[in-house]
Amino acid sequence: DVLGTLFVRSGRSLTIPGGAVLRFHGAQSRLIVEGALTIQGSDGNLAVLTSARPTPARGDWQGILVRAGAGAPLIEYAQIEWAVRAIEVPTGIVATIRNNTIRNFSDTGIYLIGSTATTVVQSNTIDNLNDQGNCLYLYDAAPSVTGNTLRNCYAGLTTYRNSSPAVNGNNIITSNQYGVMVDGAGGFTPQPVINGNQLGSNVSYDFYAVSFIAGA
């Protein structure tokens, strides 16, 4: 059980194997990574990060926050649930996030800032179950997004500012209010490359572009 904040300090490492269950107590409880993080379950033997409450609710704990200067996190075969923002990774960090189940969050499943193509978001199921929040939110980010299922969020995929991800390899983006939202508000021009996916059956729009600069 985690009471408060679990810190992985610079120069330190934390490995969470399959079968481990971390239960976070309190709305400000979180995992903060300044060193190295490896969460490595396996198919059928997930590592679980969850709320400690007997009757959990979205936003029970903050989620995983990777800070600038941390090592390259590996998060695979984990189940992360009941957080505010399940995973947040800042500029300058190369992350591998794959084969996870992320659900029941109050804000965002995966939030990437400034990521490049060396960051991999692959084969995750991000399902918020209530058509709220963002499944995958990219802020000036250009990761490789392949083979994910993004569903039951307000927006399945949001590309904001100058985000230019490669979104291919049969991502399934469905049953959201907005499937893909491309937002250049503030004078920016996001340029995602989206092909070879299953994009459909979203409530308002499958693809929605808004607030581009003139001539974009």
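Fair warning: this is a prediction, and the values are worked out from it, not measured in the lab. (Residues numbered from 1 in each chain as written. Predicted model: local features only at pLDDT ≥ 70, side-chain atom pairs only at ≥ 80, totals over all residues. Heavy atoms only, no water.)

Enquirer: A description of the nonpolar core should follow, citing residues and the corresponding values.
Expert: Core analysis: the largest hydrophobic core is formed by 45 residues, its most contacted members being L31, I39, L49, I64, I80, I87 and I110. Sorting elements by how many residues they give to this core places strand β3 (residues 21-33) first, with 4 residues. Excluding its chain neighbours within four sequence positions, the residues that come into contact with I64 are L31, V33, L37, I39, L49, I75, I80, R85, A86, I87 and E88. (Core = buried A, V, L, I, M, F, W, Y, C linked by side-chain atoms within 4.5 Å. Buried < 20%, exposed > 50% of the residue type's maximum accessible area, 1.4 Å probe, protein only. Helix = DSSP H or I, 4+ residues; strand = E, 2+ residues; numbered from the N terminus. Contact = heavy atoms within 4.5 Å.)

Enquirer: Go over unusual backbone geometry, please, and point to the residues and values.
Expert: One non-glycine residue, N99, lies in the positive phi region at around 60 degrees. Positive phi values are uncommon outside glycine, yet L129 reaches one of about 70 degrees. Mapping L129 onto the fold places it in the loop between β14 (125-127) and β15 (134-139).

Enquirer: If you had to explain the environment of T91 to someone new, which residues and values would you point to?
Expert: Note on placement: T91 falls in the loop between β9 (85-89) and β10 (96-98). With 22 residues separating them along the chain, T91 and G69 place their C-alpha atoms 9.3 Å apart. Residue contacts for T91: discarding those within four places in its chain leaves I113 and G114.

Enquirer: Break down the state of the cysteines for me, citing the residues and quoting the values.
Expert: Summed over the entire model, instances satisfying the criterion amount to 1 disulfide. Linked covalently through their sulfurs, C135 and C153 form a disulfide whose S-S length is 2.1 Å. Because the sign of the S-S torsion sets the handedness, a value of about 90 degrees for the bond joining C135 and C153 places this disulfide among the right-handed ones. Of this pair, C135 sits in strand β15 while C153 sits in the loop between β17 (149-151) and β18 (155-160); the two residues are 18 residues apart in sequence, bridging distant segments of the chain. The same class applies to C135 as to C153, namely buried. (Disulfide = S-S within 2.5 Å.)

Enquirer: Please provide a residue-by-residue account of the pattern of salt bridges, values included.
Expert: If you walk through the whole model with that rule in mind, you get 10 salt bridges. With a shortest N-O distance of 3.5 Å, E34 and R9 are connected by a salt bridge. Of this pair, E34 sits in the loop between β3 and β4 (36-40) while R9 sits in the loop between β1 (2-8) and β2 (13-17); the two residues are 25 residues apart in sequence, bridging distant segments of the chain. You can call E34 buried: its relative accessible area is 19%. R9 sits in the partly exposed class, given a relative accessible area of 44%. We note a salt bridge from R67 to E34, for which the minimum N-O separation is 2.7 Å. Taken together, the residues span a long stretch of sequence, with R67 in the loop between β6 (63-66) and β7 (74-76) and E34 in the loop between β3 and β4 at a distance of 33 residues. A residue is classified by how much of its surface remains accessible, and R67, at 33% relative accessible area, is partly exposed. Shared partners join several salt bridges into a network, and the residues in it are R9, E34 and R67. (Salt bridge = Lys/Arg side-chain N within 4 Å of Asp/Glu carboxyl O.)

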